[in-house]
Amino acid sequence: MSTRAEAPGTVVLPPLAPEIAAAVLSAPRLPGDALARLPLARGAARLLVPVLIRAPAGAPRLLLARAVHATAGRRGPLVAVTGRRPPLAPLPSDATLCLDVARLAPEAVLALEATLDDGTAWVLAGAEPQAALPAPLAARLGAVVLPVAPLRTRLAELPALVESLLAALARRAGAGAPRLSPGALARLAAHGWPGIAGGDTIDAEHLAFADDAAGIAPANAFAAPAPAHGAELELLLAELAHEVRNPLVTIKTFADHLPDLLEDAALRQRFAALTQEGIARIDGLLESVIEFARLGTPRPETIELGPLLDRLLAEVEPALAERAVRVRQARDEPARCTADPSHVAYALRNLFAGVLREVPPREDLAIEASANGVVTLRFAAGVVNVIRAAGAGSGGSQT
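These figures come from a predicted structure and were not determined experimentally.

The rules behind the values
- Residues numbered from 1 in each chain as written.
- Predicted model: local features only at pLDDT ≥ 70, side-chain atom pairs only at ≥ 80, totals over all residues.
- Heavy atoms only, no water.
- Helix = DSSP H or I, 4+ residues; strand = E, 2+ residues; numbered from the N terminus.
- Buried < 20%, exposed > 50% of the residue type's maximum accessible area, 1.4 Å probe, protein only.
- Areas by Shrake-Rupley, 256 points an atom, 1.4 Å probe, with all protein chains shown as cover.
- Pairing = 2+ DSSP bridges.
- pLDDT = per-residue confidence, 0-100.
- Contact = heavy atoms within 4.5 Å.
- Expected span 1.5 Å × (residues − 1).
- Bend = angle between axes of the 7 residues up to and from the residue.
- Core = buried A, V, L, I, M, F, W, Y, C linked by side-chain atoms within 4.5 Å.
- Axes fitted to C-alpha atoms, helices over the stretch in contact; angles between N-to-C directions.
- Parallel < 35°, antiparallel > 145°, perpendicular 65-115°, else oblique.
- Salt bridge = Lys/Arg side-chain N within 4 Å of Asp/Glu carboxyl O.

## Quick word on the overall build of the protein
1) Next: Counting its regular elements, the protein contains 12 helices and 15 strands.
2) Next: Considering the protein as a whole, with its 399 residues, one finds that 37% of them fall into the buried category.
3) Next: By element, 57% of the accessible surface of the protein is carried by carbon and sulfur atoms, the whole surface being about 22,200 Å².

## Things to note about unusual backbone geometry
1) Next: Residue Pro28 follows Ala27 across a cis peptide bond; omega there is 5 degrees.
2) Next: Notably, Leu48 is not glycine yet its phi reads approximately 60 degrees, a positive angle.
3) Next: Examined against the element boundaries, Leu48 turns out to sit in the loop between α2 (32–47) and β3 (51–54).
4) Next: The partly exposed category is assigned to Leu48, whose relative accessible area is 28%.
5) Next: For Asp94, which is not a glycine, the phi torsion comes out positive at approximately 60 degrees.
6) Next: By the element assignment, Asp94 lies in the loop between β4 (78–81) and β5 (95–100).

## Considering the pairing of β4
1) Next: Both faces of β4 are covered, namely the face carrying Leu78 and Ala80 and the face carrying Val79 and Val81.
2) Next: Where strand β2 (residues 10–13) meets β4, 4 bridges bridge the pair, whose relative direction is antiparallel. Pairing of Val11 across the sheet is with Ala80, part of β4.
3) Next: Pairing geometry for β4 and β5, over 3 bridges, is parallel. Across the sheet, the residue bridging to Ala80 is Cys98, located in β5.

## Points about the confidence of the model for the protein
One rule of thumb: low pLDDT means the predicted coordinates there are not for detailed reading.
1) Next: Predicted confidence across the protein gives a mean pLDDT of 76, with 73% of residues reaching 70 or more.
2) Next: Below a pLDDT of 50 lies the segment residues 192–198, which in the model reaches 13 contacts outside its immediate sequence neighbourhood of four places, other chains included.
3) Next: Scored below 50 in pLDDT, residues 388–399 makes 39 contacts in the model with residues more than four places away or belonging to other chains.

## Observations concerning helix α4 (residues 106–118)
1) Next: Helix length check: α4 (13 residues) gives 19 Å between terminal C-alpha atoms against 18 Å at 1.5 Å per residue, within 8%.
2) Next: Looking at the buried side of α4, the elements it contacts are β5, β6 (121–127) and α5 (135–138).
3) Next: Positive phi appears at Gly119, one or two residues downstream of α4, with a value of about 65 degrees.

## Details of α2
1) Next: Along α2, the sharpest change in direction is near 40 degrees and occurs at Leu38; proline Pro39 comes one to four residues later.
2) Next: Regarding α2, the residues found buried are Ala34, Leu38, Ala41, Ala44 and Ala45.
3) Next: Where α2 is buried, its residues contact β3, α3 (61–71), β6 and β7 (145–147).
4) Next: Phi turns positive, to about 60 degrees, at Leu48, one or two residues after α2.

## What about the nonpolar core?
Soluble, globular proteins show a tendency: their nonpolar side chains are buried together.
1) Next: Core analysis: the biggest nonpolar cluster contains 27 residues, and Leu25, Leu30, Val51, Leu64, Val68, Trp122 and Leu124 have the highest contact counts within it.
2) Next: Listing elements by their share of this core, those giving two or more residues are α1 (18–24), α2, β3, α3, β4 and β6.
3) Next: For this core, the leading source of residues is α2, giving 5 residues.
4) Next: The residues touching Val68, leaving out its near neighbours within four places in the chain, are Leu25, Leu38, Trp122, Leu124 and Leu146.
5) Next: In terms of nonpolar packing, the next biggest core, distinct from the first, is built from 26 residues, Leu308, Val359, Ile367 and Val375 among them.

## Focus on the packing of helix α6 (residues 158–173) against helix α7 (residues 182–190)
1) Next: Between α6 and α7, the least distance of the axes is 11 Å, while the angle of their chain directions is 105 degrees. Comparing the axis directions of α6 and α7 gives the class roughly perpendicular. Counting all contacts with α6, which are made through Leu158, Pro159 and Val162, the residues of α7 involved are Leu185, Leu188 and Ala189.

## Looking at the environment of Ala167
1) Next: Relative to the helices and strands, Ala167 is located in helix α6.
2) Next: Here Ala167 falls in the partly exposed class, since its relative accessible area comes to 23%.
3) Next: Spatially, the C-alpha atom of Ala167 lies 7.8 Å from that of Pro178, the residues being 11 residues apart in sequence.

## Considering the pattern of salt bridges
Oppositely charged side chains can pair when the atoms bearing their charge come close.
1) Next: Per the counting criterion, the structure on display carries 9 salt bridges.
2) Next: The partner of Arg326 in a salt bridge is Asp364, and the shortest N-O contact between them spans 2.5 Å. Within this pair, whereas Arg326 is found in strand β11 (residues 326–330), its partner Asp364 is found in strand β13 (residues 364–369), the two being separated by 38 residues in sequence.
3) Next: The exposure class assigned to Asp364 is partly exposed, which follows from its relative accessible area of 38%.

## As for the pairing of β13
1) Next: Bridging between β11 and β13 involves 5 bridges; their strand directions are parallel. Across the sheet, the residue bridging to Gln329 is Ile367, located in β13.

Take a look at the structure:
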């Protein structure tokens, strides 16, 4: 099938060859976290659940979308649309819609929402890894995500990726695949890759760059990157997003069933309570994030854990009493640690919030604070959680 234009800004693309699709959707062309989610993305096609491809434009996203479409068992065409106001209707029967969702105009967002509501097409949405999505679409496109981080953030995969690309280019040229010297790989780690050179080896001097004064990547550029604060922040935000989506699903369900609920007072009351609980949970999460952001650099000092636990338990005592949770503290010896009091209080306060949310009513709660700074919470069912504030002789706090 040849590429053909439909309405202005709409193109029906030919199916991608199976062997090309398989190569695009395999290591090292696709990183491990995206590979792990491929089965979910393919299964989403049958249920018309949209898939969000979070990848840089240079990945490229269109090729990824065509490869996913080719391997998902879809019989209809892949329709690609461009621009801020793409035409989204009418679509061919059993079509798969491919578009960039981060740059849509408000009326196009509404049209895409209607397409998702009507189930008239499977949507493969593309966006840059950090691009903000239109608010009405952000939650709806968050169920199945294929994340493809920029290559600069995963240099450890560069040698294998280059080898794969060279082999593919060499097959097209009907020649043997060249190899890259360590110097050439180092240049690639510090720059882009404009092409290949003649011969059976690509060396550093074959790679001409506009900015030839750029430094060479260090010898360990291809080692697995060490955890950084950015990765820790990403993990925190991912967990926050997961926690926020759960109550949002409840709120959305309430809204979707509102017409039916108007005729059923008992069901309406139940869903209203669940919705209020979801909103309160989101509010609590945001307050916790704000409090976390206000924590400064740790200033260790000696902390008496007993009085700190008393103060925090007093804050949640009304909620504990409402759920008939009985608290018992074990104080055989003074419990002390060296840590920042605000950091330890933040960790314990969040632990107690989890207790209030997850523990059944009429439960017995035993709190033990040992001399080495370990706080243990025990319930009838066993140990629920443990926090190590800090060793008595340490210089910082750990939670």
